[in-house]
Amino acid sequence: MKNVGTGIDIGEFDNPYQFVLSDVDNDGGLDLLVATYGQANQLLRSTNQANPFEAPVDLPGGETKTRGMAACDVNSDGNVDV
């Protein structure tokens, strides 16, 4: 397989099930949401700099058994809902 990049260090997650890219903070950059099984789901906000993401922060809900995640504007208020 041809190497097409250097990769991005996003930290370590126990049992990540799904990754979702969405502009959750309306700054024009794609943020990374990580659905995990057995720990808090994570949000990594885009920085638009050399390291493209800030350190992960826990999403509300505590430890979960998440197996999937979606991001869209459910209630038409202009903000992304997770």
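Scoring rules and cut-offs
Residues numbered from 1 in each chain as written. Predicted model: local features only at pLDDT ≥ 70, side-chain atom pairs only at ≥ 80, totals over all residues. Heavy atoms only, no water. Helix = DSSP H or I, 4+ residues; strand = E, 2+ residues; numbered from the N terminus. Buried < 20%, exposed > 50% of the residue type's maximum accessible area, 1.4 Å probe, protein only. Areas by Shrake-Rupley, 256 points an atom, 1.4 Å probe, with all protein chains shown as cover. Pairing = 2+ DSSP bridges. Salt bridge = Lys/Arg side-chain N within 4 Å of Asp/Glu carboxyl O. Phe/Tyr/Trp six-rings, centres within 6.5 Å; stacked < 30°, edge-to-face > 60°.

**Student:** Sorry, what's going on with the overall build of the protein here?
**Tutor:** Within the protein, the secondary structure is distributed over 0 helices and 4 strands. Counting from the amino terminus, the protein carries its helices and strands in the arrangement β-β-β-β. Residues counted as buried form 30% of the 82 residues belonging to the protein. Counting every atom, the protein has about 5,600 Å² of accessible surface; 49% of that belongs to carbon and sulfur.

**Student:** Help me out: how do you make sense of the sheet that holds strand S4 (residues 57-58) in this one?
**Tutor:** Within a beta sheet, neighbouring strands are joined by backbone hydrogen bonds and run either parallel or antiparallel to one another. Strand order across the open sheet formed by 4 strands is S1-S2-S3-S4, with antiparallel pairing between neighbours. Across the chains shown, the open sheet's two edge strands, defined by having one partner strand only, are strand S1 (16-22) and S4. The pairing of strand S3 (residues 42-44) with S4 spans 2 bridges and is classified as antiparallel. Across the sheet, the residue bridging to Leu43 is Val57, located in S4.

**Student:** How should the pattern of salt bridges be read in this particular structure?
**Tutor:** Once the charged atoms of two side chains with opposite charge are near each other, the side chains can pair. Tallying each qualifying case throughout the model produces 1 salt bridge. The partner of Asp25 in a salt bridge is Arg45, and the shortest N-O contact between them spans 3.6 Å. With Asp25 in the loop between S1 and strand S2 (31-36) and Arg45 in the loop between S3 and S4, the pair connects residues that are 20 residues apart, well separated along the chain. Here Arg45 falls in the partly exposed class, since its relative accessible area comes to 34%.

**Student:** What is the right way to look at the packing of aromatic side chains in this model?
**Tutor:** The relative placement of two aromatic rings is captured by the distance of their centres and the angle of their planes. Under the counting rule described, the total for this entry stands at 1 aromatic pair. Note on Tyr17 and Tyr37: the rings are 5.6 Å apart at their centroids and 45° apart in plane angle, and the pair reads as tilted. Separated by 20 residues along the polypeptide, Tyr17 in strand S1 and Tyr37 in the loop between S2 and S3 bring together distant segments of the chain.

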